[in-house]
Amino acid sequence: MAEGAMVQLRDEDFFVTLDPEANSVAILVKHLAGNMRSRFTDFLTSDGEKPDRFRDREFELSPATSRGDVMKWWEEGWDCVFAAIDALKPEDVMRTVTVRGEPHTVLQAINRQIAHYAQHTGQIVFLAKHLRSNEWKTLSIPRGKSEEFKKAPPKSDKGLPHPR
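In this text the structure is predicted, and so the values were computed from the model without any measurement.

Chemist: I tried to follow the overall build of the chain on my own but got confused; where do I start?
Modeler: Across its full length, the chain carries 5 helices and 2 strands. Secondary structure elements of the chain, listed N to C terminal, follow the sequence α-α-α-β-β-α-α. When the backbone C-alpha atoms are referred to their principal axes, the chain occupies close to 50 × 45 × 25 Å. Counting all 164 residues of the chain, 33% fall into the buried class. At a minimum sequence separation of 6, the contacts of the chain that also span at least 24 residues come to 69%. Only carbon and sulfur atoms are counted for the fraction: they give 56% of the accessible area of the chain, which is about 10600 Å². The averaged location of the 25 negative side-chain charges in the chain is 5 Å from the averaged location of its 24 positive side-chain charges.

As structure tokens, this is what we get:
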């Protein structure tokens, strides 16, 4: 959903904040990427909060930051996530990992991250929808089309991972 929202944005839209306390799409992506790198690098063997992570800097952008930079962070972050998850074996699910010194099972740690990423994905979608306004292309069922959607044949690949 975040990618479907970001593709609809103009380059300048990535950097818009709704108020002085709000985050832009670019900042949200930078934060997500930093979190993903920290949590999923050496996932099974080191704390998910790496000593070289400076979280506060994830909420700062250089004036030279471009849409290309943002999308590079996005891809690198997800590469860390998928590399760690792809390496897991069924017997790893109940192993203990730590996040900020707090023990979690692998399953709990992944669920924690899914919730975090879902929250920020919702923020990205909200911002993109707001910024694109009447030019927004829905990412789900368009208004007034629910009954039509119920009658459509199911999509065979719904819910399956797509190659990156």
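Chemist: Looking at this model, I keep getting lost on the packing of helix α2 (residues 25-40) against helix α3 (residues 67-86). Mind explaining?
Modeler: Interaxial distance between α2 and α3 falls to 8 Å at its minimum, and their mutual angle equals 25°. As the angle between them shows, α2 and α3 are arranged roughly parallel. Considering how the two elements wind past one another, α2 and α3 form a crossing that is left-handed. Across the interface between the two elements, Ala26, Val29, Lys30, Leu32, Ala33, Met36, Arg37 and Phe40 of α2 pack against Val70, Trp73, Trp74, Gly77, Trp78, Cys80, Val81, Ala84 and Ile85 of α3. When its residues are assigned to classes, the contact of α2 with α3 shows 14 nonpolar, 1 polar and 2 charged.

Chemist: Is there a simple way to think about empty space enclosed by the protein in this case?
Modeler: Rolled over the atoms, a probe as big as a water molecule pinpoints where empty space is left. Under the defined criterion, the tally for this structure stands at 1 cavity of 30 Å³ or more. Volume-wise, the largest cavity comes out at about 50 Å³. Taken together, Arg39, Phe43, Ser46, Gly48, Val97, Thr98, Val99, Ala109, Ile110 and Gln113 make up the full set of residues lining the largest cavity. Mapped onto the lining of the largest cavity, the elements with two or more residues apiece are β1 (96-99) and α4 (106-132).

Chemist: What is the right way to look at the packing of aromatic side chains in this model?
Modeler: Think of a pair of aromatic rings as described by two things: how far the centres are apart, and how the planes are tilted against each other in angle. The tally for this structure, following the rule as stated, stands at 4 aromatic pairs. Ring geometry for Trp74 against Trp78: centres 5.7 Å apart, planes inclined by 70°, an arrangement best described as edge-to-face. Here the residue Trp74 and the residue Trp78 both occupy positions in helix α3, the gap between them amounting to 4 residues, near one helical turn. A centroid spacing of 5.6 Å and a plane angle of 75° characterise the contact between Trp78 and Tyr117, whose relative ring orientation is edge-to-face. Placement of the pair is Trp78 in helix α3 and Tyr117 in helix α4, with a sequence separation of 39 residues. In this structure Trp78 comes out as buried when scored by relative accessible area, which is 16%. Clustering of aromatic rings is evident, with ring pairs tying together Trp74, Trp78, Phe82 and Tyr117. Against the face of Phe54 rests Arg57, its NZ or CZ located 4.3 Å from the ring centre.

Analysis parameters
Residues numbered from 1 in each chain as written. Predicted model: local features only at pLDDT ≥ 70, side-chain atom pairs only at ≥ 80, totals over all residues. Heavy atoms only, no water. Helix = DSSP H or I, 4+ residues; strand = E, 2+ residues; numbered from the N terminus. Buried < 20%, exposed > 50% of the residue type's maximum accessible area, 1.4 Å probe, protein only. Contact = heavy atoms within 4.5 Å. Areas by Shrake-Rupley, 256 points an atom, 1.4 Å probe, with all protein chains shown as cover. Lys, Arg positive; Asp, Glu negative; His and termini not counted. Charge placed at Lys NZ, Arg CZ, Asp CG, Glu CD. Axes fitted to C-alpha atoms, helices over the stretch in contact; angles between N-to-C directions. Parallel < 35°, antiparallel > 145°, perpendicular 65-115°, else oblique. Left-handed = near helix turned anticlockwise from the far one by under 90°. Nonpolar A, V, L, I, M, F, W, Y, C, P; charged D, E, K, R; others polar. 1 Å grid on protein atoms, 1.4 Å probe; cavity = no way out; pocket = protein on both sides within 12 Å on 5 of 7 lines; lining within 4 Å. Points joined across faces, edges and corners; volume = space filled by probe spheres on them. Phe/Tyr/Trp six-rings, centres within 6.5 Å; stacked < 30°, edge-to-face > 60°. Lys NZ or Arg CZ within 6 Å of the ring centre and 35° of its normal.

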